[in-house]
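Overview (structure and organization)
So you can see what is in the structure, the chains are spelled out below.
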Amino acid sequence: MFEMDDIQKRILREVADLHKVPSGAYNFRVNSQLAGRNNSANIEITSKEDGSGIDIRIKSGTVNESVHIPVVLSVSGLTEVVYNDFYVGENCDVVIVAGCGIDNCGVQNSQHDGIHRFFVGKNSKVKYVEKHYGSGTGTGKRILNPTTEVNLDEGSVMEMEMVQIKGVDSTNRKTLATLKADAKLFVRERLMTHGVQQALSGYHVSLDGENSKADVVSRSVAKENSYQKLDLCIIGNAACHGHTECDSIIMDGGKILAVPSLEANHVDAMLVHEAAIGKIAGEQLIKLMTLGLTEKEAEEKIISGFLK
Amino acid sequence: MLELKNIFFTVNDAGTDVEILRDVNLKIDAQKFIVITGPNGSGKSTLAKIIAGIEKPSSGKIIFNGEDITDKSITERARLGIGFAFQQPVRFKGLEVFDLLRLASGKNLTITDACEYLSEVGLCAKDYINREVNASLSGGELKRIEIAMILARKSKLTIFDEPEAGIDIWSFQNLIRIFEKMRREIRNSSIIIISHQERLISIADEIVVLVNGRIQHQGSGKEILPKLIGTKSISSVCDKLK
Ligand SMILES: Nc1ncnc2c1ncn2[C@@H]1O[C@H](COP(=O)(O)OP(=O)(O)OP(=O)(O)O)[C@@H](O)[C@H]1O
Ligand SMILES: [Mg+2]
C-alpha cells in the first residue's frame, strides 16, 4: 500500500480512528489519488468509469462487515468533487466509516465536496459514521461540503453519526432521506464551530412509507465569532413518526439560526420538533467549580460531555 | 475551622434593597456536626452559598482555617477544602455519573471506588455508573448522586443543603450513617447540614436557628430543641395532622 506521511496518518486517526490498515473492505483517497483499496468476498469497490468517484456494492446477506472510505487532503489548493454510491443489498448488517480530514498549511483554499448516495435494500441495517476534521496553520480555508442522500427500502434501518468538531472553516452539509414502509432513520449530529467558521446543516427527511420513523438529533456548540444555521425538516406523507431535536450552546460572539420545519401530508403522520439555544447554564459552571475546577476547565468539561 | 464575621447580604429587588442576611456571626470548630435550621426563606441556602463563594457578602469577613477567604473564588475555596451539596442538584446533558464522581474526587478515580460511593448512597452501582446526569433521573436519584459526589470529594468542611429532601425514609437512616462515617474518616472535618428534620437536629452537636436573615438561637440540641417545637422551623412526622 501507498506510504503515508505523518500528517496524513494523523488525519486518518482523527477521522476514522484508524491506527493501521483496517480489516475488511476499504478505499483510501489521499490528495485526490487512490492510495489503497481492498475488496472482501461480499463487498466490492470499483472506480466510476469517468473517474468521478467510487461505487461500493455490498451483497445481500452480508453481516458483521465494515467498509472504510477515508479521504485526506494535505496539499493546499486542492478542490475536488467526489461521488460515492453505496448499493447495500437485502438483509445486510454493516458498518460504513467515512471521514474527511483536511490539513492546510498553505494560503490557498482546500475543498472537498463529497456526494454520498445510499441505496439500502430491504431489511438491511447500516451504521454510518462520518467525521470531519481540519488542521494546519495556513490562511487557506478548509472547506467541506458533504451531501448525503439516503434511500431506505422497506424495513431497513440506517443509523448515522456525523461529527465535525474542529478546524473546518466552512461547511455546507445537506442530508436528504426518503423512507419506505417500516424503514427507520436515526441521526446523531455533533457540530462545533470556532473562530469565524461557518456551518450550515440541512436535513430534508421524507417519510413516505407506512410506519416509517425518523429521529434526527443535532447538538452543536458555536464559539467565538462563528455562525451556524441548522435547518431540520421532516415531511410525513404516510402514517409515520418523525422527531427532530436541535440543541445548541452558544458562546462568546457566536450566532445560531435554527430553522425547524415539519410538514404533514397525512392525517396519521406524527411529527414533533424540539429546539433550544442557550449559553452554558451558570449553575452547571458553579457546580463544577465547587468541585475545584476553574471556570475554563468547567466549560470544557460541559462542552465535551454535551458533544460526546 | 470556619468563622463568619458580621456577614450582611443585600440584594436589589426591583429598585429596593432587601436584606437577606443581617449581621451573621458564626464560629464552627473542627470535628463538629452543625445543623442550621429555620423557616423557608430565612436565608439558609444563601448563607451556604456565601460560605462556598457562590455569593459574595455585601460586608463582613469569612475566615477558613485562619485564612481570610472573603475574596477567594469558588474554585479556590473548593481546593482549600470546602464542599457543598446543593439543595437543588444540577443536571448535565452528556456527563455521566462516573464523570462527575471522578471530577469530584479530583483524581483518576477507579470504577470500583466510584461504585463504592454509589452503594453508600443506596444506588445500585451498575445501573447508575454510566447514566447521564440529565432530566431522566428522578429527584431522589439526583439528590443521592449529589451526596455520592460529596463522599468522593472528601472535603474538610462540607455543607449539605437539605440532604433529606426527596429521600425516602429507608435512606434517611442511611443518610445519618453516612454523616457519621464522614466524621470518622476525614480527620478534623466538620459538617454543616441545613435541615428541617427533627431527627437530624437531635443528633447535632450544635444547632443554629436562622430567622429572617438573623441568627436567633444557637446552642446544643438539648437547649434549642424545646424552643423550636411547634414553630415553623421544624418538621416532625405529624406536622400535618396537628
Ligand atoms: N438573588 C436574589 N434576589 C432576590 N431575592 C433573593 C436572592 N437570593 C435569595 N433571595 C431571597 O432571600 C430569601 C432567602 O432565600 P434562601 O434560599 O436563602 O432561603 P432558605 O432559608 O434556604 O429557604 P428554604 O428553606 O425554602 O430553602 C428568600 O426570600 C429569597 O427569595
Ligand atoms: Mg434553601
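Keep in mind the model is a prediction, meaning the values are calculated, not measured. (Residues numbered from 1 in each chain as written. Chains lettered and ligands numbered in written order. Predicted model: local features only at pLDDT ≥ 70, side-chain atom pairs only at ≥ 80, totals over all residues. Heavy atoms only, no water.)

What chain A contains, in helices and strands, is three helices and 20 strands. In terms of overall size, chain A behaves like a compact globule, its C-alpha atoms giving a radius of gyration of 20 Å where 308 residues would be expected to give roughly 19 Å. Out of the 308 residues in chain A, the part that is buried amounts to 54%. Within chain A, residue pairs in contact and separated by at least 24 positions form 80% of the contacts whose partners lie at least 6 positions apart. By element, 49% of the accessible surface of chain A is carried by carbon and sulfur atoms, the whole surface being about 12900 Å². Positive and negative side-chain charges of chain A, numbering 33 and 41 respectively, have mean locations separated by a distance of 4 Å. (Helix = DSSP H or I, 4+ residues; strand = E, 2+ residues; numbered from the N terminus. Rg over C-alpha atoms; globule rule 2.2 N^0.38 Å. Buried < 20%, exposed > 50% of the residue type's maximum accessible area, 1.4 Å probe, protein only. Contact = heavy atoms within 4.5 Å. Areas by Shrake-Rupley, 256 points an atom, 1.4 Å probe, with all protein chains shown as cover. Lys, Arg positive; Asp, Glu negative; His and termini not counted. Charge placed at Lys NZ, Arg CZ, Asp CG, Glu CD.)

Take the site of ligand 1 next. Residue and element names in this part refer to chain B. Taken together, 13 residues are adjacent to ligand 1, and Asn40, Gly41, Lys44, Ser45 and Thr46 come closest. Ser42 places a polar main-chain atom, nitrogen or oxygen, 3.2 Å from an oxygen atom of ligand 1. Relative to its free-state accessible area of 640 Å², ligand 1 is covered by the protein chains to the extent of 61%. A per-element tally of the shell around ligand 1 places helix α1 (residues 44–52) first, with three residues. Here the residues of the shell around ligand 1 are counted per class, giving three nonpolar, eight polar and two charged. (Near = heavy atom within 4 Å. Polar contact = N/O pair within 3.5 Å; in protein donor to acceptor, adjacent residues only side chain to side chain. Nonpolar A, V, L, I, M, F, W, Y, C, P; charged D, E, K, R; others polar.)

A few words now on the layout of surface pockets. The volume enclosed by the second largest pocket comes to roughly 250 Å³. Lining the second largest pocket are 17 residues, with Asp247, Ile249, Gln284 and Phe306 of chain A together with Lys93 of chain B sitting closest to its centre. At the level of elements, β18 (240–250), β20 (269–278) and α3 (295–306) of chain A are the ones that each hand at least two residues to the lining of the second largest pocket. (1 Å grid on protein atoms, 1.4 Å probe; cavity = no way out; pocket = protein on both sides within 12 Å on 5 of 7 lines; lining within 4 Å. Points joined across faces, edges and corners; volume = space filled by probe spheres on them.)

Attention shifts here to the pairing of strand β7 (residues 93–103) of chain A. All names here are of chain A. The buried fraction of β7 amounts to nine of the eleven residues, a majority that puts the element mostly inside the structure. Relative to β7, strand β5 (residues 63–73) is paired through ten bridges, and the arrangement is parallel. Looking across to β7, one finds that Ile69 is bridged to Ala98. Relative to strand β9 (residues 125–135), β7 runs parallel, the two sharing eleven bridges. Looking across to β9, one finds that Cys100 is bridged to His132. (Pairing = 2+ DSSP bridges.)

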